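# Commentary on secondary and tertiary structure
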Amino acid sequence: MQSTTRHTYTALDGMRGMAALCVMIYHYNEKIGLFMLGRGPIFGAAGISVDLFFMLSGFVLSHSYAASLSRNLSVQNYLLKRLIRLFPLYFAGLATGLIVHLIIISVSGNIIDYNEIVKVLSLNILYFPYPTSEFSRSIGAVVDAEAIASRGVLFPFNPPAWSLFFEMFASFCFIYIYRSTTSTLMRICAFFFVLYFLCGVWAMYATDRIGFSGGLGWNANNFIGGFPRVMFGFTLGVLLHKSVRLRTLATLRLKDRLGPEALLLGVLLLMSVPVTFRGIYSVFFLLIGAPALVSLGAEVVTRNRFSERVCRGLGWLSYPLYCVHYPVGVLVFFYGDLLGVPREVVFSAATLSSILLSLVLGHVFDVPARTFLTKRVAIMVGFLSNDSRESR
């Protein structure tokens with residue numbers, strides 16, 4: 001059997017990058033409604049990309065750290081490595097959001113309580129969500145009355161950061177589940193899926209609707225539901241890494257017939273669905289679509305250098321793009337509305353600006369910051385490997 005010790009899972013990198021692009025399109029299209037299909041906007045269901053991120057994280061962390069934690073990597077060093085991997089770009093996204101909001105507040109002439117800004121930052125900079133939705137609504141009204149920020153998000157200056165809070169939570173929980181057998185992991189997955197499903201049904205019922213809402217965890221009203229959401233996806237990712245038999249079942253013998261290009265297209269098509277059909281599509285993606293994608297991505301081999309470069313490039317871009325696309329979009333859309341620029345131009349400008357800023361931050365800020373922090377932490381706590389290439 002082929003060793004996976006040095007396996008880099010290039011196709012999974014590409015899938016992560018494609019999912020990040022879909023999240024960006026989803027947020028931008030939600031604002032301007034540029035791409036519509038039937039009952040809703042194209043990529044209207046792309047919020048489920050986050051569940052794919054959680055599964056990918058579980059898979060990659062299991063590959064990167066399970067063996068090391070079993071041998072000589074301390075829990076302290078593992079958690080520090082995860083914090084160093086996630087924090088620089090998380091901080092960059094938070095700082096970008098703060099600057100964008102201050103610019104818009106200044107230009108628009110609106111009044112905001114700066115004491116509340118300090119309170120929000122004091123929690124958000126430590127990865128903690130702001131515990132009340134009132135400030136989120138007020139600042140959302142100042143910046144953009146129709147923006148997601150007006151719905152009581154937990155990280156007002158950069159709403160997508162909610163998933164990074166849960167990412168760190170799952171990273172901590174990994175130290176308790178990485179030794180688990182496949183049967184135990186299956187039971188954990190089943191437990192959290194049932195809990196997640198019940199929370200999703202209740203979220204729909206609370207708004208006088210029938211169905212399942214998979215979009216939990218991002219605002220003050222559904223924050224608690226984010227815990228079973230992340231733990232289901234993350235644990236399933238760990239399970240898929242451990243169980244070759246389960247991966248083989250999920251791939252349906254397609255791994256030898258597909259290349260990474262087909263998987264990237266598959267991610268794009270699965271995310272482009274305009275509606276979730278009362279949550280039926282979300283359940284399908286959680287139980288079938290996402291596990292199949294992760295399993296295929298783990299088994300598919302890139303057959304040429306071009307495909308490998310594309311997948312690696314998308315993977316490298318995914319995290320900085322996820323961290324900064326929202327505040328960049330807020331600023332571009334604000335000036336687009338102010339100047340009366342056509343929606344197509346605004347959408348293109350926001351997309352290109354986000355990608356460009358992601359590239360700059362990745363090269364100029366993230367890599368040097370992680371290198372610096374790794375060296376400093378190594379001095380303070382002793383040994384800490386300088387290899388921080390694993391995904392978020």
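Residues numbered from 1 in each chain as written. Predicted model: local features only at pLDDT ≥ 70, side-chain atom pairs only at ≥ 80, totals over all residues. Heavy atoms only, no water.

### So, the packing of aromatic side chains
Considering all chains together, one arrives at 31 aromatic pairs under this definition. Plain terms: the ring middles of Tyr-28 and Phe-347 are 6.3 Å apart, the flat faces sit at 90° to each other, and that makes the pair edge-to-face. In this pair, Tyr-28 sits in helix 1 (residues 10-32) while Phe-347 sits in helix 13 (residues 343-381), placing the two residues 319 residues apart along the sequence. With relative accessibility at 11%, the residue Phe-347 sits in the buried group. With centroids separated by 5.6 Å and ring planes inclined at 80°, the aromatic side chains of Phe-53 and Tyr-322 adopt a geometry described as edge-to-face. Of this pair, Phe-53 sits in helix 2 (residues 49-71) while Tyr-322 sits in helix 12 (residues 305-339), placing them 269 residues apart in sequence. In this pair, the class of Phe-53 matches that of Tyr-322, namely buried. Following the ring pairs from residue to residue traces out a cluster consisting of Phe-54, Trp-162, Phe-165, Phe-166, Phe-169, Phe-223 and Phe-227. (Phe/Tyr/Trp six-rings, centres within 6.5 Å; stacked < 30°, edge-to-face > 60°. Helix = DSSP H or I, 4+ residues; strand = E, 2+ residues; numbered from the N terminus. Buried < 20%, exposed > 50% of the residue type's maximum accessible area, 1.4 Å probe, protein only.)

### Topic: the nonpolar core
Membership of the largest hydrophobic core comes to 100 residues, with the highest contact counts inside it found for Leu-52, Tyr-78, Phe-174, Phe-232, Met-271, Phe-285 and Tyr-319. A per-element tally of this core places helix 1 first, with 14 residues. Other than its neighbours up to four places away in sequence, Phe-174 contacts Leu-61, Ser-62, Tyr-65, Ala-66, Leu-69, Tyr-78, Phe-234 and Val-238. With eight residues, the next largest nonpolar core counts Leu-94, Ile-105, Ile-112 and Val-120 among its residues. (Core = buried A, V, L, I, M, F, W, Y, C linked by side-chain atoms within 4.5 Å. Contact = heavy atoms within 4.5 Å.)

### Observations regarding unusual backbone geometry
One non-glycine residue, Phe-43, adopts positive backbone phi at about 70°. In this fold, Phe-43 is placed in the loop between strand 2 (40-41) and helix 2. For Tyr-127, which is not glycine, the phi dihedral falls at a positive 80°. Summarising the element assignment, Tyr-127 is placed in the loop between helix 4 (114-124) and helix 5 (134-143).

### Some remarks on the packing of helix 6 (residues 162-177) against helix 8 (residues 226-242)
Direction vectors running N to C along helix 6 and helix 8 enclose 55°, while the axes themselves pass 9 Å from each other. Considered as vectors, helix 6 and helix 8 are oriented oblique to each other. For helix 6 against helix 8, the interelement crossing comes out right-handed. Facing helix 6, whose interface residues are Trp-162, Phe-165, Phe-166, Phe-169, Ala-170, Cys-173, Phe-174 and Ile-177, helix 8 presents Gly-226, Phe-227, Arg-229, Val-230, Met-231, Phe-234, Thr-235 and Val-238. Here the contact of helix 6 with helix 8 is built from residues that sort into 13 nonpolar, two polar and one charged. (Axes fitted to C-alpha atoms, helices over the stretch in contact; angles between N-to-C directions. Parallel < 35°, antiparallel > 145°, perpendicular 65-115°, else oblique. Left-handed = near helix turned anticlockwise from the far one by under 90°. Nonpolar A, V, L, I, M, F, W, Y, C, P; charged D, E, K, R; others polar.)

Remember that the coordinates give geometry; whether it matters functionally is a separate question.
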